[in-house]
There are 8 protein chains.
Amino acid sequence: MELIVYLAGQIHDDWRDRLRRTARERGLPLIFVGPQENHDRSDAIGEIIKGEQPNAVYRDQAASEFNNLRTRIWMQKADVIIALFGEKYRQWNTAMDAALAIQSGKPLILVRPETLHHPLKELAQRAQVVVETPEQALEALAYVLE
Amino acid sequence: MELIVYLAGQIHDDWRDRLRRTARERGLPLIFVGPQENHDRSDAIGEIIKGEQPNAVYRDQAASEFNNLRTRIWMQKADVIIALFGEKYRQWNTAMDAALAIQSGKPLILVRPETLHHPLKELAQRAQVVVETPEQALEALAYVLE
Amino acid sequence: MELIVYLAGQIHDDWRDRLRRTARERGLPLIFVGPQENHDRSDAIGEIIKGEQPNAVYRDQAASEFNNLRTRIWMQKADVIIALFGEKYRQWNTAMDAALAIQSGKPLILVRPETLHHPLKELAQRAQVVVETPEQALEALAYVLE
Amino acid sequence: MELIVYLAGQIHDDWRDRLRRTARERGLPLIFVGPQENHDRSDAIGEIIKGEQPNAVYRDQAASEFNNLRTRIWMQKADVIIALFGEKYRQWNTAMDAALAIQSGKPLILVRPETLHHPLKELAQRAQVVVETPEQALEALAYVLE
Amino acid sequence: MELIVYLAGQIHDDWRDRLRRTARERGLPLIFVGPQENHDRSDAIGEIIKGEQPNAVYRDQAASEFNNLRTRIWMQKADVIIALFGEKYRQWNTAMDAALAIQSGKPLILVRPETLHHPLKELAQRAQVVVETPEQALEALAYVLE
Amino acid sequence: MELIVYLAGQIHDDWRDRLRRTARERGLPLIFVGPQENHDRSDAIGEIIKGEQPNAVYRDQAASEFNNLRTRIWMQKADVIIALFGEKYRQWNTAMDAALAIQSGKPLILVRPETLHHPLKELAQRAQVVVETPEQALEALAYVLE
Amino acid sequence: MELIVYLAGQIHDDWRDRLRRTARERGLPLIFVGPQENHDRSDAIGEIIKGEQPNAVYRDQAASEFNNLRTRIWMQKADVIIALFGEKYRQWNTAMDAALAIQSGKPLILVRPETLHHPLKELAQRAQVVVETPEQALEALAYVLE
Amino acid sequence: MELIVYLAGQIHDDWRDRLRRTARERGLPLIFVGPQENHDRSDAIGEIIKGEQPNAVYRDQAASEFNNLRTRIWMQKADVIIALFGEKYRQWNTAMDAALAIQSGKPLILVRPETLHHPLKELAQRAQVVVETPEQALEALAYVLE
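Residues numbered from 1 in each chain as written. Chains lettered and ligands numbered in written order. Predicted model: local features only at pLDDT ≥ 70, side-chain atom pairs only at ≥ 80, totals over all residues. Heavy atoms only, no water.

As recorded in an unreviewed UniProt entry, chain A goes by YtoQ family protein and comes from Planifilum fimeticola.

Structure, rendered in structure tokens:
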């Protein structure tokens, strides 16, 4: 039986690629879904589809319609959500996706460096699992699949 | 008919007091609930109730049990959630509370300065109302109560 | 025991006033809630609270944030929804409110002249009650309260 | 992974055919479902199955039983709903399907010409995506599938 | 704290009156709701409100709109459902109300003479309590309120 | 796409066989599930699995555990429920299954001879479709699959 | 605003009385509900209401109908559940009530001596709060009410 | 059609192996899922993935994160839950899984020796089926699949 895993978190480095590669190497039956990973495309998608907007706020709003469409469709299909936090960026989308998972009853694996324990304490306490690296999150899923 | 309003957001200044005062002055039938507003007490409550913990991570974890208990009880009773974002702090709890409101079908009023439009665009797009000041959020509720 | 009744439908004439008056005269324990009934205010509320918008589309969008806030809060509290259709106006908000009631399991009383039976046939078939006048809708609630 | 897309909207022209053709040409893994597209058959199905009815109102009611059966079964299976509005027809079924999607938590893509922004403002504000052509709706789904 | 009790079952004798009287004499804080108890009025209500119907089937259908409106409103408010079965009548409404209670997670007290154990075995097995007289049902509620 | 159809109703004649045969002949992609159709086995299954019971009431109770297990598993998987009523038998299980379908939001096709319109009026009014023969129910599903 | 608190756990000593007394002394606006606290009455209630049963198993089954009725009604009304575990007794009812709270989204306060950490580790990990004494549970609620 | 069966209960002997073997021999289309069956690994998994913890309580807490992750993912996918109780061990996890099944509406088959009828009476009364051996549970599923 395959599990569908939603990968929430920043889209500025290749952490998802590394996770997918490791899963493939280990032969884990995981299907990964998630947000648009091309950052420029994610910001521009509103104007690409809807045309030019009056200003930056509306440009953002237009983009978020399509990013949220994507997130909602894939999170509904996911069996489990991995949410990765790092030192950089505000990452409010990550917090949002993590809380959407909590409230919809989908198990959440929170990945964060220990240095972030204080600002993430309430979110961590409601996650199903808290680890520090994406590799540990994969270990957790491998354990589920044993 | 009274409405119960949950006030999510940072607990470092007196924005809730100003909101409560204005609501009272305008005679709006609003009951405000929300997180613990004494910041030191919010951080210390775990050790106050459960005793000393092994280290800072566990101290945080213990505190978050009680903070989340409070949040869950009052958010379940709330008719509407106001979530305030500002320039300072990471505010992941605010993002969490906002997304819990979205997923549980409770209407969300997002308050944020326009300067934050980019990092909050996806959260804003799923909020019911987006305004820039707590006073505007109160205007929105006054409109509901007309 | 009082019942809370949401009154969906156009806001261009005084049908709600007549309904409220009749209910009061008959001593029925009904609390009526519903959309903003001042049409100009309903259209302008977005710019009143959020300030001037770039164009008419955004002006509408801003207004709808507050109108939907109002609708959601009161529909959540309602025990039953009355949705009135007439010959004039597009009334897509009425159809929307009626379907929100159906999907959330709240009993729906549909009021429409018989002349509209064809375009409303699918909505009517999923309503709990279909009548032709607001007075009949009130009769239905009086029957519930006997 | 395939997505199931429910196509709500009028059944008087071939907009669904064009959408299906384009999706096929682009190789998008989309399965389209929707209402009966033969308008006469949609109106007559009640009497075809149940036999002659006393008058036009009951004829409509009988037809709507089967049309609603179809809508409910396919909307329950859909991952996303596209609802198309145009200048012609009352389109209360489209508004109904759109609101059923909103209330059941299924992402809604609203397609409407900008000229309809005012009467559709509340529905648009609760949709996940608002665009002006079916082709843009397909672009949105292609973006989800990237 | 008061409990709201829905009394499902036939409306041909005065079993509800006896139950209400006994509850009052024992001082139990119970609020009783239920279907229309005047049998003729229950059958005629459709034509009373909507006017004459084409034939007996449509007369029944019209009446059931209002009877179901009543049932839905009060069952939504009830904390517990008592469903009484006897030897007479088909009692499909009673079976319907009992199953609506089961599926909506409301505790069901089934009252039936032991002679009916065979045809009611599946319904009884999913009820919360099965007793033989209304007085026993009241004992059960008194036990809850101790 | 295949649809799963739960066939509720009496198990004393071969109406399900006829329905299955017709569906197969017409090539409809329907998978039929339902209760145990061997009546004696349905009554005896409790003692067959659990051993002899103290008396007839407990024998019935034991059987109903397994019959309800079967019903619950298959109804959860069904896309649509057909419930057949006839002149014979009390058929409280049929009414129960029909109401479980209504409350769980699964579309219900009610099949009953017109002679039963009065005692079934409330159940019929909440069904999605009401027809008089199993063949008409199959027509309804064929219409959905067009 | 008052909170309703369900007190799950063994009924062999007076821990609930102490909790209620302390809450009253501190003036906390808490309403306590819970299972029947008279142990003999809890075991006998089935035969008291339904009459003598064939053997001890059926006697237990009859009693549990009424005990579960009580639990379900009060847990549905509770805002928060306190579940107390001790060294004695099997306490499967306590584990059951705790898990019912978890799955229904009601916040759970688990009270257990540290000596029980191993066998309760999975239940503890899904509780909202874990403490060692009823007094600490009351502290937690006092914190919510500050 | 295959059924997914979650096997809750102690992990100290090979009852699951026997069940799986019998199901295979009988050719039943059942897919079995469940907790980690290697007891040492189940206790150690927290430290294996997260590293050494401050003490035994935190070691347990860490392990339970992963055990609960596994339980939640597989119970969400299960069509039916079998929960086995025996004379040994506290088995609070088994009671927890059984109650999670009850509250999420998944049918529960409770397996327990008759000697345990008293402490399990409330859990048994809310189970769908109560039997004394795993073989009987398999008989129940075979009956569903006939």
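From this point, things continue past the structure.
Visitor: Tell me about the overall build of chain A, and please be specific about residues and values.
Guide: Across its full length, chain A carries 6 helices and 5 strands. Ordering the α and β elements of chain A from the N terminus gives β-α-β-α-α-β-α-β-α-β-α. A compact globule built from 146 residues should have a C-alpha radius of gyration of about 15 Å, and chain A, at 16 Å, falls within 12% of that. Based on the C-alpha atoms only, the size of chain A along its principal axes is roughly 50 × 35 × 30 Å. Considering chain A as a whole, with its 146 residues, one finds that 63% of them fall into the buried category. For chain A, the accessible area works out to roughly 5,200 Å², and carbon and sulfur atoms hold 45% of it. Charged side chains of chain A number 18 positive and 21 negative; the gap between the two group centres comes to 3 Å. (Helix = DSSP H or I, 4+ residues; strand = E, 2+ residues; numbered from the N terminus. Rg over C-alpha atoms; globule rule 2.2 N^0.38 Å. Buried < 20%, exposed > 50% of the residue type's maximum accessible area, 1.4 Å probe, protein only. Areas by Shrake-Rupley, 256 points an atom, 1.4 Å probe, with all protein chains shown as cover. Lys, Arg positive; Asp, Glu negative; His and termini not counted. Charge placed at Lys NZ, Arg CZ, Asp CG, Glu CD.)

Visitor: Account for the interface of chain A and chain B, with residues named and values stated.
Guide: With 36 residues of chain A at the interface, the matching set in chain B holds 36 residues. Taken over both partners, the interface formed by chain A and chain B buries close to 3,500 Å², and the fraction arising from carbon and sulfur atoms is 60%. Contact with chain B buries area across many residues of chain A, yet Trp92(A), Glu122(A) and Arg126(A) alone supply 21% of it, more than any other trio. At the junction of chain A and chain B, the tally comes to 4 salt bridges. Between Glu87(B) and Arg90(A) there is a salt bridge, and its shortest N-O distance comes to 3.9 Å. Across the chain A-chain B interface, the total number found is 20 residue pairs in polar contact (both at pLDDT 80 or more). Contributing elements (two or more residues each) for the side of chain A that touches chain B: helix H3 (56-77), helix H4 (92-103) and helix H5 (121-126) of chain A. Of the residues forming the side of chain A that touches chain B, the biggest block, 10 residues, is contributed by H3(A). For the side of chain A that touches chain B, the per-class residue count stands at 14 nonpolar, 12 polar and 10 charged. (Contact = heavy atoms within 4.5 Å. Buried area = accessible area lost by both parts, 1.4 Å probe. Salt bridge = Lys/Arg side-chain N within 4 Å of Asp/Glu carboxyl O. Polar contact = N/O pair within 3.5 Å; in protein donor to acceptor, adjacent residues only side chain to side chain. Nonpolar A, V, L, I, M, F, W, Y, C, P; charged D, E, K, R; others polar.)

Visitor: I'd like a rundown of the packing of aromatic side chains, residues and numbers included.
Guide: Evaluated as defined, the whole model comprises 12 aromatic pairs over all chains. Residues Tyr58(D) and Tyr58(E) carry aromatic rings whose centres are separated by 3.7 Å and whose planes lie at 40° to one another, so their mutual orientation is tilted. Residue Tyr58(D) is located in helix H3 (residues 56-77), and its partner Tyr58(E) is located in helix H3 (residues 56-77); the two belong to separate chains. (Phe/Tyr/Trp six-rings, centres within 6.5 Å; stacked < 30°, edge-to-face > 60°.)

Visitor: Describe the confidence of the model for chain A, and please don't skip the residues or the numbers.
Guide: Summarising the model, chain A shows a mean pLDDT of 97, and 100% of its residues fall at 70 or more. Interface confidence for the predicted complex, given as ipTM, is 0.96, next to a pTM of 0.98. (pLDDT = per-residue confidence, 0-100.)

Visitor: Give me the interface of chain C and chain F: which residues, what numbers.
Guide: Counting from both sides, the interface comprises 4 residues of chain C and, opposite them, 4 residues of chain F. Buried area between chain C and chain F, summed over both chains or domains, comes out near 260 Å², and the portion from carbon and sulfur atoms is 9%. If you sort the residues of chain C by the area they bury against chain F, Gln125(C), Arg126(C) and Gln128(C) come out on top, with a joint share of 94%. Counting across the interface, chain C meets chain F through 0 salt bridges. Joining chain C to chain F, the criterion identifies 2 residue pairs in polar contact (both at pLDDT 80 or more). Residue classes in the side of chain C that touches chain F are distributed as 1 nonpolar, 2 polar and 1 charged.

Visitor: Lay out helix H1 (residues 15-25) of chain H with the relevant residues and their values.
Guide: Residue and element names in this part refer to chain H. Taken as a whole, H1 has its buried residues at Trp15, Arg16, Leu19 and Ala23. Mapping the buried residues of H1 onto a view down its axis gives an arc of 100°, with all of them on the same face. Opposite the buried face of H1, at more than 90 degrees from it, the exposed residues are Arg24 and Glu25. On the buried face of H1, the contacting elements are strand E1 (3-9), strand E2 (30-33), strand E3 (80-84) and helix H6 (134-145). Following H1 by one or two positions, glycine 27 has its phi on the positive side, about 70°. (Arc of directions from axis to C-beta.)

Visitor: Describe helix H4 (residues 92-103) of chain E, naming the residues involved and giving the relevant values.
Guide: Side chains of residues three or four places apart in an α-helix project in the same direction, reflecting 3.6 residues per turn. All names here are of chain E. The end-to-end C-alpha distance of H4 is 16 Å, a good match for the 16 Å that 12 residues give at a rise of 1.5 Å each. When you tally the buried positions in H4, you get 10 out of 12 residues, the bulk of the element. Those residues of H4 that sit buried are Trp92, Thr94, Ala95, Met96, Asp97, Ala98, Ala99, Leu100, Ala101 and Ile102. Glycine 105, located one to two residues past H4, shows a positive phi value of around 80°. (Expected span 1.5 Å × (residues − 1).)

Visitor: Pulling in residues and values, what's your account of the environment of Glu65(D)?
Guide: When you line up the elements, Glu65(D) lands in helix H3. Placed 29 residues apart in sequence, Glu65(D) and Gln36(D) show a C-alpha to C-alpha distance of 13 Å. Those residues within four positions of Glu65(D) in sequence are excluded, and the remaining contacts are Gln125(C), Lys50(D), Gln128(F), Val129(F) and Val130(F).

Visitor: Tell me about the relation of the copies chain A and chain B, and please be specific about residues and values.
Guide: Mapping chain A onto chain B calls for a rotation angle of 180° and an axial translation of 0.0 Å; the resulting RMSD is 0.0 Å. Read as a symmetry element, the transformation amounts to a two-fold axis. Interface residue correspondence from chain A to chain B reaches 97%, placing this contact among same-surface, isologous pairings. (Least-squares fit on C-alpha atoms with pLDDT ≥ 70 in both.)

Visitor: So what's going on with the pairing of strand E2 (residues 30-33) of chain C? Residues and values would help.
Guide: Residue and element names in this part refer to chain C. Sheet topology note: the strand E1 (residues 3-9)/E2 ladder contains 4 bridges and is parallel. Looking at the pairing, isoleucine 4 lines up with isoleucine 31 of E2. Chirality of the crossover, the property in question, places the unit of E1, helix H1 (residues 15-25) and E2 among those that are right-handed. (Pairing = 2+ DSSP bridges. Right-handed = clockwise from strand over helix to strand, strands pointing away.)

Visitor: Provide a residue-level description of the pattern of salt bridges, including the pertinent values.
Guide: Scanning the model with the defined rule gives 96 salt bridges over all chains in all. As a salt-bridge pair, Asp43(H) and Lys121(G) come within 3.4 Å of each other at their nearest N and O atoms. With Asp43(H) in helix H2 (residues 39-50) and Lys121(G) in helix H5 (residues 121-126), this residue pair bridges two chains. Judged on exposure class, the residue Asp43(H) and its partner Lys121(G) are both buried. We note a salt bridge from Glu135(H) to Arg18(H), for which the minimum N-O separation is 3.7 Å. Here the residue Glu135(H) occupies a position in helix H6, and Arg18(H) occupies one in helix H1, the gap between them amounting to 117 residues. Beyond isolated ion pairs, a larger network of salt bridges with shared partners links Asp14(A), Arg18(A) and Glu135(A).

Visitor: Can you explain the packing of helix H2 (residues 39-50) of chain G against helix H3 (residues 56-77) of chain G? Please cite residues and give values.
Guide: Residue and element names in this part refer to chain G. One can describe the packing of H2 onto H3 by two numbers: an axis separation of 7 Å at closest approach and a directional angle of 95°. Compared by their axis directions, H2 and H3 come out roughly perpendicular. Here Ser42, Asp43, Ala44, Ile45, Gly46, Glu47, Ile49 and Lys50 of H2 come into contact with H3, specifically with Arg59, Ala62, Ala63, Glu65, Phe66 and Asn67. In the contact of H2 with H3, the residues fall into 6 nonpolar, 3 polar and 5 charged. (Axes fitted to C-alpha atoms, helices over the stretch in contact; angles between N-to-C directions. Parallel < 35°, antiparallel > 145°, perpendicular 65-115°, else oblique.)

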